[in-house]
Amino acid sequence: MKKVEAIIRKTKFDEVKEALLDADIEWFSYYDVRGVGKTRQERIYRGVVYDTSYIERTLLTIVVRDVNVERTVEAILKTARTGEIGDGRIFISPVDDSVRIRTGERGDISLYDADKK
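Note that the structure is predicted; figures quoted are calculated from it, not measured.

Participant: I would appreciate a short explanation of the layout of surface pockets in the present structure.
Facilitator: A probe matching the size of a water molecule, rolled over the atoms, marks out where space remains unfilled. Roughly 170 Å³ of volume is contained in the second largest pocket. In terms of lining residues, the second largest pocket is bounded by Glu26, Trp27, Val63, Ser110, Leu111, Tyr112 and Asp113. Split by residue class, the lining of the second largest pocket holds 4 nonpolar, 1 polar and 2 charged.

Written out as structure tokens, the structure reads:
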């Protein structure tokens, strides 16, 4: 099992969510997050200077079976990419175990229903 964490633009969230559902990734968590990137910028609006170096993004956390990792990454890449600075990052980490609280099932079977592969 792997944990896929993706930091994406907030404006791309709905598109990425639909792409993941189309790729049969049925469950994930998401959080509104802020980060600091390389670019330091200030914008002036009506005479007030705003610091735009704090970037609002959405963090997706998805735990998938090993066979679904590439499908998950491709769905995110295809829909989250704009080609501009600030599109985000994807991190992939190993997951040692998973337990479904309701049934006590462990491992891959705890991620999805038994009839799905």
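Participant: Would you mind going over the sheet that holds strand S1 (residues 2–9) with me for this structure?
Facilitator: Sheet strands line up and pair through hydrogen bonds in the backbone, either parallel or antiparallel. With antiparallel pairing, the 4 strands of this open sheet are ordered in space as S2-S5-S1-S6. Lying at the two open borders of the sheet, with one neighbouring strand each, are strand S2 (29–36) and strand S6 (88–94). Taking each pair of neighbouring strands and ignoring which way they run, the sheet shows an average axis angle of 25°. Sheet analysis places S1 next to S6, joined by 7 bridges and oriented antiparallel. Within the sheet, the bridge partner assigned to lysine 3 lies in S6 and is serine 93. Helix-sheet contacts for helix H1 (residues 13–22) involve S1, S2 and strand S5 (54–64), and the interaxial angle to S5 is about 10°. Of the strands in this sheet, S1, S5 and S6 are in contact with helix H2 (residues 69–80), which crosses S1 at around 0°.

Participant: Can you walk me through the pairing of S5 in this structure?
Facilitator: Here is the key point about a regular strand: its side chains alternate between the two faces of the sheet. As defined by bridge partners, S1 adjoins S5 across 8 bridges and the pair is classed as antiparallel. From the neighbouring strand, isoleucine 7 faces S5, where its bridge partner is leucine 59.

Participant: Please explain the pattern of salt bridges as it appears in this structure.
Facilitator: Opposite charge on two side chains allows them to pair when their charged atoms are near. This structure, assessed with the given rule, holds 7 salt bridges. For glutamate 5, the salt bridge is made with lysine 3, and the minimal N-O distance between the two is 3.9 Å. Accessibility expressed as a relative area gives 21% for glutamate 5, which makes it partly exposed. Across the salt bridge formed by arginine 34 and glutamate 56, the nearest N and O atoms sit 3.0 Å from each other. Of this pair, arginine 34 sits in strand S2 while glutamate 56 sits in strand S5; the two residues are 22 residues apart in sequence, bridging distant segments of the chain. Judged by relative accessible area, which is 63%, arginine 34 ranks as exposed. Through salt bridges with shared partners, a single network forms among Lys10, Arg34 and Glu56.

Quick notes on the rules
- Residues numbered from 1 in each chain as written.
- Predicted model: local features only at pLDDT ≥ 70, side-chain atom pairs only at ≥ 80, totals over all residues.
- Heavy atoms only, no water.
- 1 Å grid on protein atoms, 1.4 Å probe; cavity = no way out; pocket = protein on both sides within 12 Å on 5 of 7 lines; lining within 4 Å.
- Points joined across faces, edges and corners; volume = space filled by probe spheres on them.
- Nonpolar A, V, L, I, M, F, W, Y, C, P; charged D, E, K, R; others polar.
- Pairing = 2+ DSSP bridges.
- Helix = DSSP H or I, 4+ residues; strand = E, 2+ residues; numbered from the N terminus.
- Axes fitted to C-alpha atoms, helices over the stretch in contact; angles between N-to-C directions.
- Contact = heavy atoms within 4.5 Å.
- Salt bridge = Lys/Arg side-chain N within 4 Å of Asp/Glu carboxyl O.
- Buried < 20%, exposed > 50% of the residue type's maximum accessible area, 1.4 Å probe, protein only.

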